[in-house]
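Single-letter residue listing:
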Amino acid sequence: MSEHYVKVKIHVEQMKSFGEDAEKQGVDAEEEEQVAVSSSPPASVSPDPPSITIAGRDVSNTFKHRGKSRIKIGKDDKNICDKHSLDVSLHGGRNVNKLGHERTLHIKGTGKILQGKNNENNGVSMHPSKNIQVARREDGFKLARKRRPVTVDTSKAKTSLEALKLSIRQLKWKEFPLGRRAPCDIYWHGVSFHDNENIVSGQVNKFPGMIEMLRKINLSRAVRTMQELFPEEYDFYPRSWILPEECQQFSTQIRMVKENDASVNPTFIVKPDGGSQGDGIYLIRDPSDLKLMVGSQTKQAVVQEYIQRPLLIDKLKFDIRLYVLLKSLEPLEIYIAKEGLTRFCTEPYQEPSQKNLSHVFMHLTNYSLNVHSGNFVHSNSQSTGSKRSLSSVLYRLAAKGVDIKKVWSDIIALVIKTTIAVVPELRVYYQAEIPPGKPGPTCFQILGFDILLMKNLKPVLLEVNSNPSMRIEHEQEMAPGVFEYVPSPVDEEVKVGVIKDTLRLMDPGHKRTSISNLRAGGLDHGEEIPMEAEPQDRSPDEGALPSLCLKQVYPKYTKQFNYLRLVERIAALFIRFLGVKGNMRLGPTAFRTFIRTCKLSNSNCSMASVDILYIDITRRWSGTMADSREAGNTHTHTRTHTHTHTDTHTRTLKHGCKNNLFPTKEQHVH
């Protein structure tokens with residue numbers, strides 16, 4: 001074997017000398033690095049886990065024996081090989097670096113592939129595809145280490161601060177906790193896009209309008225719009241009524257259901273529009289139990305059908321908190337964390353009855369509520385306690401024969417469809433805040449999807465949080481009346497991974513991937529979304545850059561879901577007819593132009609009817625504007641007019657479909 005490695009060393013030296021020849025020919029190393037990185041997809045965006053190889057392993061991984069069996073390295077031989085590699089790294093590092101770039105340039109520029117001498121060197125050859133992948137990744141990481149560190153402004157970060165600081169340290173980036181005068185690469189806000197009004201460049205971790213869009217009422221409206229268009233695709237959201245405007249409709253429908261079947265006695269859950277952490281949520285069985293007034297003000301809320309048969313583990317109800325990264329609106333890019341949290345109730349579950357409706361520890365899975373229960377269990381294990389990792393729950397279900405692949409596939413579909421439902425109005429908000437041609441930052445955001453599994457394993461969307469908690473510690477009573485914040489291992493494992501991967505994906509040093517380069521092929525209609533294996537073991541060579549825990553799901557599955565982006569196309573038309581950049585209100589003249597251009601007016605819908613429709617929509621939302629002002633909503637004006645255009649979409653879609661303006665699912669497929 002020693003003879004073989006002498007030959008390998010000779011071969012490496014030949015490659016080294018080849019790099020020196022390239023240097024003599026005037027090849028600039030820095031130029032080569034830029035070409036190599038820019039011509040290859042960023043390693044952090046790749047759905048495959050990135051791999052970093054040291055010099056010794058680079059040689060052994062890049063070259064393979066031509067025979068049927070691979071080269072076997074004994075313990076002593078491996079030490080010799082590592083020693084030779086170390087010599088090359090110490091004495092010829094620059095040339096080896098140049099050599100890697102030269103290989104990439106030859107392959108990209110001339111179609112030539114740098115190979116060893118197959119016959120003369122014991123049949124050792126270089127595999128082109130693997131060589132390209134390894135060389136590009138090595139070059140990308142080497143260049144990343146040479147350039148200046150990414151700067152992050154954390155002066156506006158709040159509950160996510162500790163996890164954010166830990167992520168920045170692990171990435172070896174530079175944090176500015178007090179901000180700075182010079183622009184930063186990334187701005188991390190705690191609540192809203194408007195936390196800092198003076199950003200004209202860089203990237204912000206909030207989208208304008210996201211808080212408004214994900215309020216209970218607005219999310220229900222967005223999903224209901226899609227339910228009217230695609231009822232079978234959006235059956236994962238419970239039937240909902242908006243209060244107070246649909247209170248009479250709710251009462252009438254429930255009364256009719258009970259009159260038709262006296263044995264039916266459904267339960268409903270009422271959620272305040274702007275509520276969070278379980279605040280103000282209660283269960284009812286009769287419309288007369290609704291609490292519509294708070295003092296002298298009408299309380300805005302959503303009332304939904306209560307899922308009476310959830311999946312139970314240890315006789316306890318639980319829900320899933322899944323973290324989703326909305327990386328971009330144009331093009332639409334969605335990533336889902338492979339690991340999430342499961343939050344358990346602290347009282348054994350019983351189907352709702354008049355006696356137990358007020359038992360919040362039995363019916364509500366909110367961590368902020370159950371943490372105050374005497375039965376709440378803080379655990380250092382990810383598979384026990386009142387908060388566990390999602391993977392531990394899935395593994396437990398798999399052990400009982402549950403088809404986890406199907407469950408995960410359904411969850412991914414739910415996330416993509418929900419995002420598609422809220423994107424149209426987000427685009428309107430975005431163009432109002434950052435019109436085309438106006439200096440401004442790009443945006444991304446981490447969302448928290450709360451999902452419940454029914455007894456039949458069907459996932460149900462409970463809500464979407466625009467500002468999910470990223471705390472990695474919890475409050476624990478150390479002595480009677482003495483509380484202290486202590487680390488939470490399961491929170492740290494999940495949340496630091498999500499934040500760190502988000503930062504890596506938004507690294508401005510990586511060239512932004514164009515839509516043509518993304519994996520937009522997706523799957524054909526009818527195919528299931530595959531659940532890829534989640535590698536738990538990490539190579540020690542990966543160091544501070546472990547494999548991504550965020551998995552791209554869109555545009556990866558474009559073919560399967562693209563036909564659902566119907567309302568988004570209409571939003572694009574709406575933006576076209578706004579006229580003034582930054583405006584969000586479609587005036588009566590622009591509304592008529594919109595209807596006429598889209599050929600939505602005919603004998604059944606005259607222009608006079610269009611004017612009446614516009615007045616009706618405007619009056620309908622004037623009440624919402626007044627209620628929002630009373631609630632102190634600073635974005636009332638914007639919010640009202642945005643909903644005006646959404647309601648317009650719903651009313652005009654029927655006319656558009658009759659005129660074949662918008663493609664159906666079948667038309668999209670064929």
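Above this text sits the structure in question.
My aim in this report is to walk through the structure given alongside it, one point at a time. (Residues numbered from 1 in each chain as written. Predicted model: local features only at pLDDT ≥ 70, side-chain atom pairs only at ≥ 80, totals over all residues. Heavy atoms only, no water.)

This paragraph deals with the overall build of the protein. A count of helical and extended segments in the protein gives 21 helices and 23 strands. Across the 670 residues of the protein, 51% fall into the buried class. For the protein, the proportion of contacts with a sequence separation of at least 24, taken over those separated by at least 6, is 72%. Split by element, the accessible area of the protein, about 32200 Å² in all, is 51% carbon and sulfur. (Helix = DSSP H or I, 4+ residues; strand = E, 2+ residues; numbered from the N terminus. Buried < 20%, exposed > 50% of the residue type's maximum accessible area, 1.4 Å probe, protein only. Contact = heavy atoms within 4.5 Å. Areas by Shrake-Rupley, 256 points an atom, 1.4 Å probe, with all protein chains shown as cover.)

The next point concerns the nonpolar core. In terms of nonpolar packing, the biggest core is built from 66 residues, with Tyr 234, Leu 322 and Phe 449 touching the most fellow members. In terms of residue count, the dominant contributor to this core is helix H14 (residues 404–433) (15 residues). Core analysis: the second largest hydrophobic core is formed by 31 residues, Val 152, Trp 188, Leu 325 and Leu 341 among them. (Core = buried A, V, L, I, M, F, W, Y, C linked by side-chain atoms within 4.5 Å.)

What follows covers the pattern of salt bridges. By the definition in use, this model includes 24 salt bridges. Between Asp 286 and Lys 258 there is a salt bridge whose closest N-O contact spans 3.5 Å. With Asp 286 in the loop between strand S9 (282–284) and strand S10 (293–294) and Lys 258 in helix H10 (residues 247–260), this pair connects stretches of sequence that are 28 residues apart. The class of Lys 258 is partly exposed, set by a relative accessible area of 23%. (Salt bridge = Lys/Arg side-chain N within 4 Å of Asp/Glu carboxyl O.)

Once that is clear, we can look at the sheet that holds strand S6 (residues 203–204). Taken together, 5 strands build an open sheet; the order of strands is S4-S3-S5-S6-S18 and the sheet is parallel. A single partner strand is all that each edge strand has here, and the edge strands are strand S4 (174–176) and strand S18 (442–443). Relative to S6, strand S5 (residues 186–187) runs parallel, the two sharing 2 bridges. Within the sheet, the bridge partner assigned to Tyr 187 lies in S6 and is Val 204. (Pairing = 2+ DSSP bridges.)

Before going further, it helps to spend a moment on the packing of H14 against helix H17 (residues 566–576). Helix-helix packing is characterised by the crossing angle of the two axes and by the distance between the axes. Where H14 contacts H17, the two axes come as close as 8 Å, and the packing angle between them is 25 degrees. Of the possible angle classes, the one that applies to H14 and H17 is roughly parallel. Judged by the sense of rotation from one axis to the other, the crossing of H14 with H17 is right-handed. Between H14 and H17, the residues in contact are Val 423, Pro 424, Arg 427, Val 428 and Gln 431 and Val 567, Glu 568, Ala 571, Ala 572, Phe 574 and Ile 575, respectively. (Axes fitted to C-alpha atoms, helices over the stretch in contact; angles between N-to-C directions. Parallel < 35°, antiparallel > 145°, perpendicular 65-115°, else oblique. Left-handed = near helix turned anticlockwise from the far one by under 90°.)

The alternating pattern of strand S16 (residues 341–344) places Leu 341 and Arg 343 and Thr 342 and Phe 344 on opposite faces, both of which are buried. Relative to strand S17 (residues 387–389), S16 runs antiparallel, the two sharing 3 bridges. Paired with Arg 343 across the bridge in S17 is Lys 387.

Glancing now at empty space enclosed by the protein. Counted under the stated rule, the structure contains 9 cavities of 30 Å³ or more. Space inside the largest cavity adds up to approximately 250 Å³. Taken together, 19 residues make up the lining of the largest cavity; nearest its centre are Ile 269, Lys 271, Leu 364, Thr 365 and Leu 462. Listed by contribution, the elements that provide at least two residues to the lining of the largest cavity are strand S8 (268–272), strand S12 (301–305), strand S14 (316–328), strand S19 (445–453) and strand S20 (459–465). Residues of the lining of the largest cavity, tallied by class, amount to 8 nonpolar, 4 polar and 7 charged. (1 Å grid on protein atoms, 1.4 Å probe; cavity = no way out; pocket = protein on both sides within 12 Å on 5 of 7 lines; lining within 4 Å. Points joined across faces, edges and corners; volume = space filled by probe spheres on them. Nonpolar A, V, L, I, M, F, W, Y, C, P; charged D, E, K, R; others polar.)

This paragraph deals with H14. The end-to-end C-alpha distance of H14, which contains 30 residues, comes to 42 Å, matching closely the 44 Å that a straight helix rising 1.5 Å per residue would cover. Of all the bends in H14, the greatest, near 40 degrees, is centred on Val 423, and the proline Pro 424 appears no more than four residues after it. Of all 30 residues in H14, 24 are buried; the element is thus mostly enclosed. N-cap assignment for H14: the residue whose side-chain oxygen lies 3.3 Å from the backbone N of Lys 405 is Asp 403. (Expected span 1.5 Å × (residues − 1). Bend = angle between axes of the 7 residues up to and from the residue. Polar contact = N/O pair within 3.5 Å; in protein donor to acceptor, adjacent residues only side chain to side chain.)

Where burial is concerned, most of S8 is hidden: 5 out of the 5 residues are buried. Burial along S8 is two-sided: Phe 268, Val 270 and Pro 272 and Ile 269 and Lys 271, pointing in opposite directions, are all buried. Across 3 bridges, S8 lies against S9 in antiparallel orientation. Among the inter-strand pairings, Ile 269 is bridged to a residue of S9, identified as Leu 283. Judged from the 5 bridges that link them, S8 and S12 form a sheet pairing that is antiparallel. Looking at S12, one finds that Ile 269 is bridged to Gln 304.

If you walk across this open sheet you meet the 4 strands as S7-S12-S8-S9, and the pairing is antiparallel. For this open sheet the edge positions go to strand S7 (240–243) and S9, each flanked by a neighbour on one side alone. Along the sheet, successive strands turn relative to each other by an average axial angle of 25 degrees, direction set aside. Pairing of S7 with S12, which is carried by 4 bridges, proceeds in the antiparallel orientation. Note on S12: the bridge partner recorded for Trp 241 is Val 303. The strands touched by helix H9 (residues 216–229) within the sheet are S7, S8 and S12, with S7 carrying the most contacts at an inclination of about 135 degrees. Contacting S7, S8, S9 and S12, H10 runs over the sheet at an angle of about 140 degrees to S7.

The next point concerns the side chain of His 189. As for its placement among the helices and strands, His 189 is situated in the loop between S5 and S6. For His 189, a relative accessible area of 3% gives the class buried. A polar contact is formed between the side chain of His 189 and the backbone oxygen of Ser 192, at a distance of 3.0 Å. Aside from chain neighbours lying at most four places away, what touches His 189 is Lys 156, Ala 157, Asp 195, Asn 196, Ile 199, Val 204, Asn 205 and Lys 206.

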